[in-house]
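# Topology and contacts: notes
Each chain, written out:
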Amino acid sequence: MAKPAVTMEVGNDGVAIISIYNPPVNSISYPILAGIKEKFDEAVKRDDVKALVVFGKGGKFSGGFDINVFGKARQTGDNSVLLKPIDILVNTIGDSKKPAVAAIGGLALGGGLELAMACHARVAVPKAQLGLPELTLGIIPGLGGTQHLPRLIGLPKAIEMMLSSKSILSEEGKSLGLIDEIATSNELLNVSRLWALDIAARCKPWLHTLHRTDKIGSFSEARKVLEMARQQAKKVAPNMPQHQACLDAIEDGVIHGAYSGLLKEATVSKELVMSDTSKALVHIFFAQRATSKVPNVTDIGLKPRPVKKVAVIGGGLMGSGIATALILSNTYVVLKEINSEYLQKGIKAIEENLRGLVSRKKLAADKAEKALSMLKGVLDYVEFKDVDMVIEAVIENISLKQSIFSDIEKACPPHCILATNTSTIDLNVIGERTSSQDRIVGAHFFSPAHVMPLLEIVRTEKTSAQVILDLMTVGKIIKKVPIVVGNCTGFAVNRAFFPYGQGAHYLLHMGVDPFRIDRLICKFGLPMGPFQLQDVAGYGVAVAVRKIYGSAFPGRTFDSSLVDLLIKNGRQGKSNGKGYYVYEKGSKPQPDPSVLPIIEESRKLANVMPGGKPISVSDKEVVEMIFFPVVNESCRVLDEGIVIRASDLDVASVLGMSFPSYRGGILFWADTVGADYIYKSLKKWSELYGNFYKPSEYLEQRATRGIPLSAPKSTDSGSKSRL
Ligand SMILES: C[C@H](O)CC(=O)SCCNC(=O)CCNC(=O)[C@H](O)C(C)(C)COP(=O)(O)OP(=O)(O)OC[C@H]1O[C@@H](n2cnc3c(N)ncnc32)[C@H](O)[C@@H]1OP(=O)(O)O
């Protein structure tokens, strides 16, 4: 592959095209920008150059500043990585004596969009993706974005784009003033050349964005907008410093002018680049990309086969969610149920899912209609004769699943992928009555399946690489992040996280208030605590899986009668408005004091309080007593080779269990806390409260040898791998 480079070609029309070449996304770092500066300086000096166009080769303008640089900055302690680049954008490009136009193909994100905004006009292809997603990396736009964007599109929309990190398309960019003209990719360079020449000839305005004030509005209006944004950021991102810091830089520019704002942006960026939040979020960025590299699947030259028609068996909560995700991505779906009443319910649930997306403005009404036209409800297997994949999503009942797999083996074509959405049951057991073990795979979605971004792909020793690759591809098409894991009870995610719910219940039965636990877990960064989550998920799940974990992992699980007692008391959680909390339409769930006597009864039955007295634990301990057992089980998942790499579990914990991304995922967080501290804490609690907390062998070894939990395993212990 050719080296990253910046080239310049001067045409007969007097336009110098400066091209960036740095595949795959033309990320920019100091050497690239230094290359741009060199070419700019040359072009400005040359008499045959009247104007310039900045262009990204390979169909993309630029995916932004090179994110790897931030990791290096933390390693070397040199946090001035953005200082020289910003100087080039503002002084070399913005103040250039010859006008420059950005020709935006494909996408311009982060530093890429900032480079484009430093130019004097922007031409983009249709549907080019434009955004400043820096906050998702724990930093703020650091190449002038906090000053350029508000001056081009106005404060409210600029703040919305930066704080949400969401990109817009070039068509919207044009209506906002970010893009000056849209041109097809064939015409992009020609149109950009003409724009540049027109500016040079003063036929079009030569605008230096930083000098503009027309879009900022009055001082008092700006103050109001910023204040509202600050309140909103406090609510949605209470534990992340970059949101308020971004608003600080914008505000500085509004009050003291764009150049002062740039200095503020630089100061804030220097601090944020070194922050733990940024370190964790950058880790998650690369970890998420690493999930698509699966040894012996994605590196052996296989090509994904097209999956055009999928049968979903079961129209319950999971089946209807899965079907919704598929039809939204233009995949034809056959939904099978056992009778017309259940089928109608399933179809209604899918319609509801689509309506919900439309009413939340996440989907256009005509797209919802189009999606529904891809759905067909059936009561038999006739339609299964030409499906490419079946996803079984019925209740967690082993013999029912076994008979379904034996039926579909006969009804489907021989190439068809046979997937199950089981969350706990061993795939070898499900496929026991078939002779198609190589086609059997787990497609474990997380509820609600049309919303949650994780897809856990479970393979057995027999699942073929082709089937795994096909399902990974389907996962990407339906906009999920697929993570390939090995086969065991609970697979990677539910297996690692069963101690989360059980740990919370154990604490409750040792006398800790459940509402305090929920509050502390929310403060730690999860959207809701374990008891509210149980209310929301419904108690059926807890009842279905409790025995499964108990028998798979004897000696380290905790079970109680609490859920049975709640159900006996007429509580079903959110679905009937009554659980640990009271749920009323239009208001926030409220802790229900009338649940406390039921909890008391369960405590008596469980009888796990040491000496019969409630334990006294600090807030910090409560959080640790819930998450350290999860870390402990994650260590076993790593040790047994259920995941390919530790970072897969980090991504899964963030996307599947809503573990805060700014903590980097469960194992990344554990390593920041320290294996030794976790080991010693668990050891102490196991002596005080029993085997639920007993440290695993893997944790003990890593702690005593001082090796991070996420460090790759040495080859001698790789033999346990189930992948
Ligand atoms: C100073 C500035 O204000 C700071 C910044 O600019 S920070 C960067 C801001 N930009 C971003 O956050 C965009 C990050 N990138 C993306 O969202 C997506 O990669 C994309 C939309 C550009 C392309 O998506 P897609 O086509 O699915 O490709 P994707 O698999 O994500 O990326 C392809 C490769 O490019 C790498 N890459 C993407 N953007 C990168 C970047 N900005 N820096 C370094 N590497 C990057 C990915 O790590 C991946 O590498 P791999 O093949 O070795 O795994």
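Predicted model, so just to flag it, every value in this text is computed and none were measured. Think of each chain on its own: its residues are numbered from 1, step by step along the sequence as written. Reporting in this predicted model follows two pLDDT cut-offs: at least 70 for local features of residues, and 80 or more for side-chain atom pairs to be given and counted; totals over whole chains, interfaces and linings ignore these cut-offs and use all residues. Side-chain measures here rest on the full set of heavy atoms in the structure, leaving out hydrogens and waters.

### Side note on the overall build of the chain
- Counting from the N terminus, the helices are DSSP H or I runs at least four residues long and the strands are E runs at least two residues long. Looking only at helices and strands, one finds 29 helices and 19 strands in the chain.
- Only C-alpha atoms enter the radius of gyration, while the globule expectation follows 2.2 Å times N to the 0.38, with N the number of residues. At 28 Å, the chain has a C-alpha radius of gyration in line with the 27 Å of a compact globule built from 723 residues.
- The C-alpha extent of the chain, read off along each of the three principal axes, is 85 × 60 × 55 Å.
- For this analysis, residues touch if any pair of their heavy atoms sits within 4.5 Å. Once local pairs closer than 6 in sequence are excluded, the contacts in the chain between residues at least 24 apart make up 73%.
- Side-chain charges of the chain comprise 87 positive and 73 negative groups, with the mean position of each set lying 1 Å from the other. Asp and Glu count as negative and Lys and Arg as positive, but His and the ends of the chain are not part of the count. To locate a charge, take NZ of a lysine, CZ of an arginine, CG of an aspartate or CD of a glutamate.

### Let's talk about the UniProt feature "domain: 3-hydroxyacyl-CoA dehydrogenase NAD binding" (unreviewed entry) in the chain
- UniProt positions are given in the numbering used here, feature names are shortened, and annotations may be inferred rather than shown by experiment. With numbering aligned to this structure, UniProt lists the feature "domain: 3-hydroxyacyl-CoA dehydrogenase NAD binding" (unreviewed entry) at residues 309-487.
- Segment residues 309-487 splits into 40% helix and 22% strand. End C-alpha atoms: 26 Å apart.

### Brief notes about the packing of aromatic side chains
- Pairing of aromatic side chains requires ring centres within 6.5 Å, counting the rings of Phe and Tyr and the six-membered ring of Trp. Pairs whose planes differ by under 30 degrees are stacked, by over 60 edge-to-face, and all others tilted. This model, assessed by the stated rule, comprises 27 aromatic pairs.
- Ring plane angle 80° and centroid distance 5.1 Å describe the contact between Phe285 and Phe286, whose orientation is recorded as edge-to-face.
- Any residue under 20% of the maximum accessible area for its type is buried, any over 50% is exposed, and the rest in between are partly exposed; the area is computed with a 1.4 Å probe on protein chains only. Residue class for Phe285 comes out partly exposed when judged on its relative accessible area of 24%.
- Over the ring of Tyr381 we find Lys336; its NZ or CZ atom is 4.8 Å from the centre of that ring.
- Sitting over the face of the ring of Phe524, Arg663 holds its NZ or CZ atom 4.0 Å from the ring centroid. Geometrically, a charge over a ring is one whose NZ (Lys) or CZ (Arg) sits within 6 Å of the ring centre while staying within 35 degrees of the ring normal.

### Let's talk about the pairing of strand β14 (residues 417-420)
- Neither face of β14 is exposed, since Ile417 and Ala419 on one face and Leu418 and Thr420 on the opposite face are all buried.
- In this scheme, strands are said to pair when DSSP sees at least two bridges between them. Pairing of strand β13 (residues 389-392) with β14, which is carried by four bridges, proceeds in the parallel orientation. Across the sheet, the residue bridging to Val390 is Leu418, located in β14.
- Crossover connection from β13 via helix α16 (residues 398-411) to parallel β14: handedness right-handed.
- As judged from the three bridges shared by β14 and strand β15 (residues 440-445), these two strands associate in the parallel manner. Within β15, the position partnered with Thr420 by the bridge is Gly442. Crossover handedness is defined by viewing with both strands directed away from the observer: a clockwise path from the first strand over the helix to the second marks the crossover as right-handed.

### Quick look at the environment of Ile322
- Within the secondary structure, Ile322 is located in helix α13 (residues 317-328).
- In sequence terms Ile322 and Ile350 are 28 residues apart; their C-alpha atoms lie 9.2 Å from each other.
- Filtering out sequence-adjacent residues up to four positions away, Ile322 remains in contact with Val312, Ile391, Ala393, Asn421, Phe445 and Ala449.

### Side note on the pattern of salt bridges
- Here, a salt bridge means any side-chain nitrogen of Lys or Arg that lies within 4 Å of a carboxyl oxygen of Asp or Glu. Counted under the stated rule, the structure contains 33 salt bridges.
- Residues Glu600 and Arg603 are paired through a salt bridge, measuring 3.0 Å at the closest nitrogen-oxygen approach. Pair noted here: Glu600 and Arg603 are both in helix α24 (residues 596-606), with a separation of three residues, about one helical turn.
- Between Lys680 and Asp676 there is a salt bridge, and its shortest N-O distance comes to 2.8 Å.

### Concerning the sheet that holds strand β1 (residues 5-10)
- Strand order in the open sheet formed by six strands is β1-β2-β3-β4-β6-β9, and the pairing between neighbours is mixed. The open sheet has two edge strands with one neighbour each: β1 and β9 (181-182).
- For strand β6 (residues 121-124) and β9, the ladder comprises two bridges, and the chain directions are parallel. Residue pairing across strands places Ala124 opposite Ile182, the latter belonging to β9.

### A look at the UniProt feature "domain: 3-hydroxyacyl-CoA dehydrogenase C-terminal" (unreviewed entry) in the chain
- Within the UniProt annotation, "domain: 3-hydroxyacyl-CoA dehydrogenase C-terminal" (unreviewed entry) is assigned to residues 490-583 and 622-703.
- In the segment residues 490-583, helix accounts for 61% and strand for 2%; the C-alpha atoms at its two ends are 30 Å apart.
- With 73% helix and 0% strand, residues 622-703 has its two end C-alpha atoms placed 22 Å apart.

### Points about the sheet that holds strand β5 (residues 107-109)
- Strand order in the open sheet made by the three strands is β5-β7-β8, with mixed pairing throughout. Edge positions in the open sheet fall to β5 and β8 (168-169), since each of these has one partner strand only.
- Pairing between β5 and strand β7 (residues 129-131): three bridges, direction parallel. The partner of Leu109 across the bridge, within β7, is Gly131.
- Sheet strands touched by helix α4 (residues 111-118): β5 and β7. Its angle to β5, the strand with the most contacts, is close to 100°. In this analysis an axis means a line fitted to C-alpha atoms, helices contributing only their contacting stretch, and an angle means the value between N-to-C directions, from 0 to 180 degrees.

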